[in-house]
Amino acid sequence: MLHLPILRQGVPYKSLDVVRVPHHRTREPFVEISQANAGLIRRDLRPERLAAAREQLARLPFDALVDMCSKAADHFLDDTLPLGGSEQSPHDYVLQLSATTGMPHALVRRNMQRVAGVMREMRTVLRGLTRGLDLTVLDTGHGEHEGHVLSFYPRTDALGVVLPSNSPGVHSLWVPAIALKMPLVLRPGSAEPWTPFRIAQAFIRAGCPPEAFSYYPSDHAGAGEILRRTGRSMFFGDVTAVGGWEGDPRVELHGPGYSKLLIGEDLMAGDAWMQHVDLIAASIAENGGRSCVNASGVWVPASHAGRVASAVAAKLAHLVPRAADDEQATLAPFVDPRVAERISAQIDSGLQTPGAREVTLDYRPSPRLATFDGATYLQPTVVLCDSPGHPLANREFLFPFAAVVAVSPDEMQRMPQPMGKTLVVTALTRDRGLVNRLLGSPLVDRLNIGAIQTNQMAWDQPHEGNLFEHLYARRSFQQHADAALAAAGGA
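So, a few notes on the structure that sits alongside this text. (Residues numbered from 1 in each chain as written. Predicted model: local features only at pLDDT ≥ 70, side-chain atom pairs only at ≥ 80, totals over all residues. Heavy atoms only, no water.)

## A word on the pattern of salt bridges
One pass over the structure, following the stated rule, counts 25 salt bridges. Here Arg25 and Asp373 are joined by a salt bridge, their closest N and O atoms 3.9 Å apart. Within this pair, whereas Arg25 is found in the loop between β4 (18–22) and β5 (29–34), its partner Asp373 is found in the loop between β18 (369–372) and β19 (375–378), the two being separated by 348 residues in sequence. With a relative accessible area of 36%, Arg25 lands in the partly exposed category. Judged by its relative accessible area of 48%, Asp373 is partly exposed. The shortest N-O distance in the salt bridge between Arg46 and Glu48 comes to 3.0 Å. Note on Glu48: relative accessible area 48%, which makes it partly exposed. (Salt bridge = Lys/Arg side-chain N within 4 Å of Asp/Glu carboxyl O. Helix = DSSP H or I, 4+ residues; strand = E, 2+ residues; numbered from the N terminus. Buried < 20%, exposed > 50% of the residue type's maximum accessible area, 1.4 Å probe, protein only.)

Below is the structure:
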């Protein structure tokens, strides 16, 4: 059986405590993963050990680290890399990730390209996050930008990351930490241990110090230890998981997105909205509907809500379960069938509240909860809600689900307040007043104006926070001319 070890500052370690993760379809044990208990993590994350690991990265020039990112992208995509006591080719990676998560091979490969793209374009990504700052300033601790003296100091000696299992694409969010000279302490998702391990091996092959990568598969206690002992961290999870850390400035939370498309009244004239049906459907369903940036709501003037819901439901109805190796496969099965059953029951329960109906029933001949080739799926579901107050109007699930919400003229004038906090809003409108309200609202994290899918990411833009600002703080800095000469060896 395959075995994935712990990485203790780059050194593989096989634990006596292991978890066996099954194949999503056969339910037979597929991979054995060493588990790090809280005591081991506590010992490894002593301040002096973290500081020593960061020193290994800090002494490398920023430009050299950016070059390593580009090389690591090629290794990640193309090379056979270490996998515990065995090796993993790119094809092995696709098969293994699909086996434990159910994600179709085509979607795994697409996510591979996304992660590698961020690694290749690291200079552009960081230029966007820092508004064009020359990050060689990190080599000396101070420098100039547009005629102003700048100095930055690290807020921590390591970035802890508690990861999910929903999609490999999320790993592109923490990868820039290496170019920012920050070691990583990774706790992988239980069903998706493959991507963070492969990324670490790709960086090590590219010449990155192994000490920069710690990898601790663990239970919730171990995850909590990582969040407490790394000065800055990222935490991916649902509302119940991340809620306890809300308000802690050390922890950047990545929870549900509740991402939405908002169609303005002006697009109702002449049925102009109809040209965007493909975009709406893609926002809901791409990547299996598993990402926080997938749309879970389509908010539309009440006069046209029924027609919009019918058009989107008809478009999504052709998405059906397919074999994992089918290039047309877009739906991912649930690793645990009970989760799919529970989600389907929650939707059915919500539909018992007056004011909502499932429009996809008009177009889908089979039930929402379906089995195919021994696996359990939830098929795309579009629900029409007659008001923002309905229990299903602002829900998010791990499959292509969306509520088309009927919005009254008064509610449209108060947008985005009726939608609540939203990770991504794509506003299909030319209404300047509506656009200005969206621009001025703290409820909207990412804003797309015009025909842009909610899941179309610009990786040089902040996403639920700015990683550079999370890891570094600016200090006031002045230097006397004599001190500058001395530092340069001139006095």
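## Quick look at the packing of aromatic side chains
Inspection of every chain in the model, using the stated rule, returns 9 aromatic pairs. Ring centres of Phe197 and Tyr215 lie 5.2 Å apart, and the angle between their planes is 75°; this geometry places the pair in the edge-to-face category. Of this pair, Phe197 sits in helix α9 (residues 194–205) while Tyr215 is found in strand β12 (residues 213–215), placing the two residues 18 residues apart along the sequence. Residue class for Phe197 comes out buried when judged on its relative accessible area of 2%. Under the relative-accessibility criterion, Tyr215 is labelled buried at 1%. The structure contains a cluster of three or more aromatic residues connected by ring pairs, namely Phe152, Phe468 and Tyr472. In this structure, Arg8 is placed above the aromatic ring of Tyr13, and the distance from its NZ or CZ to the ring centre is 4.8 Å. A cation over a ring is seen here: Arg198 above Phe76, with NZ or CZ 5.8 Å from the ring centre. (Phe/Tyr/Trp six-rings, centres within 6.5 Å; stacked < 30°, edge-to-face > 60°. Lys NZ or Arg CZ within 6 Å of the ring centre and 35° of its normal.)

## Observations concerning the sheet that holds β5
Strand order in this open sheet of 3 strands is β1-β5-β4, and the pairing throughout is mixed. Looking at the sheet topology across the chains shown, the edges are occupied by β1 (2–4) and β4. Within this sheet the neighbouring strands show an average axis-to-axis angle of 25°, counted without direction. Where β4 lies against β5, 5 bridges are found, and the strand directions are antiparallel. When the bridges of β5 are listed, Arg20 appears paired with Glu32. Across the sheet, helix α4 (residues 90–101) touches β1, β4 and β5, and the angle it forms with β5 is around 95°. (Pairing = 2+ DSSP bridges. Axes fitted to C-alpha atoms, helices over the stretch in contact; angles between N-to-C directions. Contact = heavy atoms within 4.5 Å.)

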